[in-house]
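Residue-level structural notes
Below, each chain spelled out in residue letters.
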Amino acid sequence: MNKDLKLIIAFTSTIIILILLYFGSFLPFQKSQLYIEAVKSSSQVRSVQEFNKLFDNVLDFYSPVGQGEVVYAYMNVLVSAIQNQQDRVIAEILLKQADKAMKPLIEADKGPSYFQALYSYGLLYELAANKFKDVGYFQKAASVYEISYKHSPGRPILLSGLFRVYSALGDVEKTKEIGEIMLKYWPEDDNIKKIIKSL
């Protein structure tokens, strides 16, 4: 092998390694740092617009690794925000932000932390439904939980979510169906039996 060919191979290898480091390590690290800073700064924001801008900077930052994990963590931030929110208008804005963040994940229908993000997304709508007595929010929670159920039908936390939402919607057939599945896992759960019997 001549000297020029060795130099070309060495140069090409170095470029490939640098590209891999940039996309596989540097960008994910930057994204995680932005997320940490956003969480730290979120307690000091004075408006929902500032809050959204803070997290939009993180969610819009390109990284081939880490988007699913960041969206999942963001959903949990929104869950906490909705739990403490009394203003319906602000809650609506936050729910729209959740829709925007989740859309690419739902379209891909896979990815790291996808199930966890879906569950938190459904929980977000369930909490808003309970807080603001909104049937539309319950329907949205049900549709999100159903996507999760398709992927992970035996997860206890998901079955409980579906059971609560179907019950709140007054969907007797689906409440019974999920309740019967839950009783296969937890045959001694008297609360589930009681709810099913009352339907």
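Just above, that's the structure.
Figured I'd write up the structure that's included with this text.

About the thresholds
- Residues numbered from 1 in each chain as written.
- Predicted model: local features only at pLDDT ≥ 70, side-chain atom pairs only at ≥ 80, totals over all residues.
- Heavy atoms only, no water.
- Helix = DSSP H or I, 4+ residues; strand = E, 2+ residues; numbered from the N terminus.
- Rg over C-alpha atoms; globule rule 2.2 N^0.38 Å.
- Buried < 20%, exposed > 50% of the residue type's maximum accessible area, 1.4 Å probe, protein only.
- Contact = heavy atoms within 4.5 Å.
- Lys, Arg positive; Asp, Glu negative; His and termini not counted.
- Charge placed at Lys NZ, Arg CZ, Asp CG, Glu CD.
- Salt bridge = Lys/Arg side-chain N within 4 Å of Asp/Glu carboxyl O.
- Phe/Tyr/Trp six-rings, centres within 6.5 Å; stacked < 30°, edge-to-face > 60°.

Right, let's get into the overall build of the chain. Across its full length, the chain holds nine helices and zero strands. Tracing the chain from N to C terminus, the helices and strands come up as α-α-α-α-α-α-α-α-α. Rg of the C-alpha trace for the chain: 22 Å, well past the compact-globule value of 16 Å for 199 residues, more than 25% over. Projected onto the principal axes, the alpha-carbon positions of the chain cover approximately 85 × 45 × 25 Å. Per-residue burial for the chain yields a buried fraction of 36% across its 199 residues. Sequence separation of 24 or more characterises 57% of the internal contacts of the chain that already satisfy a separation of 6 or more. Here the chain holds 23 positive side-chain charges and 21 negative ones, and the gap between their average locations is 3 Å.

This structure, assessed with the given rule, holds seven salt bridges. Where Asp-56 meets Lys-100, a salt bridge forms, and the shortest distance between an N and an O atom there is 3.6 Å. Linking Asp-56 in helix α2 (residues 48-59) with Lys-100 in helix α4 (residues 88-108), this pair joins segments that are 44 residues apart in sequence.

Look at Asp-109: it is not a glycine, yet its phi comes out positive at around 55°. Checked against the element boundaries, Asp-109 lands in the loop between α4 and α5 (114-132). Its relative accessible area of 26% is what places Asp-109 among the partly exposed residues. Residues other than glycine seldom take positive phi values, yet Lys-133 does so here, at roughly 50°. Take Lys-133: it is sitting in the loop between α5 and α6 (135-151).

Before going further, it helps to examine the packing of aromatic side chains. Under the defined criterion, the tally for this structure stands at seven aromatic pairs. Seen from their ring centres, Phe-51 and Phe-55 are 5.0 Å apart, and the 50° between their planes marks the pair as tilted. With Phe-51 and Phe-55 both in helix α2 and four residues apart, this pair spans about one turn of that helix. The pair formed by Phe-51 and Phe-55 is uniform in burial state, with each residue classed as buried.

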